[in-house]
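Working through the structure, step by step
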Amino acid sequence: MNRADFLKTFGIFNAAALLLPGSTRSNSKTEIEYKKVKLGLLHKWTITRGSASFKENVFVKYKRDGITGYGEASHMTAAGQNADRTIKELKKLIPFYKNVDPFSFYDLPQKARNVLSSLSPAKAALDIALMDWIGKKLNIPIHKLFGIVPRRAAFTSFSIGLAKPDIMIKKVREAAPYRILKVKLINRNDIEIIKTIRKATDKPIRVDINEGWRDKEKAIKKIEMLAKMGVEMVEQPMPVGALEETKWLKERSPIPIVADEAINISTDILKLAESYDGISIKLMKSGGIVEAFKMAVTAKAMGMDIMIGCMIESSVAINAAVQLQPLAKWLDLDGNLLISNDPFNGAKFSGGRWIMNENPGIGVIPESQLFQEV
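Here is a short report on the structure shown in this document. (Residues numbered from 1 in each chain as written. Predicted model: local features only at pLDDT ≥ 70, side-chain atom pairs only at ≥ 80, totals over all residues. Heavy atoms only, no water.)

Side note on helix α13 (residues 315-322)
Most of α13 sits out of view: eight of its eight residues are buried. Inspection of α13 places Ser-315, Val-316, Ala-317, Ile-318, Asn-319, Ala-320, Ala-321 and Val-322 among the buried residues, and these make up the whole buried set. (Buried < 20%, exposed > 50% of the residue type's maximum accessible area, 1.4 Å probe, protein only. Helix = DSSP H or I, 4+ residues; strand = E, 2+ residues; numbered from the N terminus.)

Topic: the environment of Ile-142
Along the chain, the position of Ile-142 falls in helix α5 (residues 142-145). Ile-142 gets classed as buried once you look at its relative accessible area, which sits at 1%. Sequence separation of Ile-142 and Asp-132 is ten residues, and the distance between their C-alpha atoms is 7.3 Å. The residues touching Ile-142, leaving out its near neighbours within four places in the chain, are Met-131, Gly-135, Ile-289, Gln-323, Gly-361 and Ile-362. (Contact = heavy atoms within 4.5 Å.)

So, the side chain of Thr-196
Assignment of secondary structure puts Thr-196 in helix α7 (residues 190-198). Under the relative-accessibility criterion, Thr-196 is labelled buried at 15%. Beyond its immediate stretch of four places on either side in the chain, Thr-196 contacts Pro-165 and Ile-169.

What about the pattern of salt bridges?
This model, assessed by the stated rule, comprises 18 salt bridges. A salt bridge links Asp-132 to Lys-136, with the shortest nitrogen-to-oxygen separation between them at 3.1 Å. One end of the pair, Asp-132, and the other, Lys-136, are both in helix α4 (residues 121-138), four residues apart, so they sit about a helical turn from each other. A salt bridge links Glu-235 to Lys-182; the shortest N-O distance between them is 2.7 Å. Here Glu-235 is found in strand β7 (residues 231-235), whereas its partner Lys-182 is found in strand β5 (residues 180-184), with 53 residues between them in sequence. Members of the salt-bridge network, linked through shared partners, are Lys-182, Lys-184, Asp-208, Glu-235 and Asp-332. (Salt bridge = Lys/Arg side-chain N within 4 Å of Asp/Glu carboxyl O.)

Written out as structure tokens, the structure is:
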């Protein structure tokens, strides 16, 4: 992709919006509301940085012209994020979002960063809610607005947190509908953990280290052993700042090395291209759908593969990510499958894949009374 095509792709949105059915003109007032909701986990969730039995997410309503768009913020607790902090950040961002033309959405992620420079899921919640509203206003799904053609998507992986061996085997058996497993490792008994899982399944496995490995020589030995055990990808093996060490691993690894904590927005990609085979795009880090799409285009231009991932999220954030899934080689969209009280209904999960629907916006419908319109 040359520079002209690259810029053309990024600049197409506003022009496309004007050509789509439905009016993009509105003088009505924008209303934005938010609500903190506790989402219960089907299993206690353990990764390198700790454990949890529930997550508190923040949901957003973007209301205009009698139409409501829904958004969601989930949190990286290791980065000091939580629902109360998100609400404080929403209060800073909402006046900005109330006073902008919703169809100027291409520029909004950068402008939102000018209002709040820190990495914040509050930005993602507002972006998702706005894009949901735009799709409903134009009566089209968001993937059509972005020119994305639905196709037979990749299988999504199902994440298994750390636990005692018998519990992990139980989780593997419960994950029978899923074709690929993703296992969190913490630089302790890593090989033994995979051996335990291999007693219960021969499915492909992906491992997420969450920056847990520190020694590149030990890391490459583990990667070689894991590859022989049917592990097909390693996510964020080394600390974010260890680019030279990660490049060294990439040059020797028999399986792809994918950036997660090292990547947030599209401008991060250039410095990572030599050290990673691919990037993990998460809407909570990118700040929503628009920036996530820019990341996908940039990564493809740099010859990098794409994984679209998630955190513990309801169908709102998962369905927003599903709108972009045809762009990805790998999918890790199981956040709503890990919770017990999803307040929304959206894309159907069948045969290990997400089936995209043609509902307007991100394609979700509120199931809980908390979100029914009054």
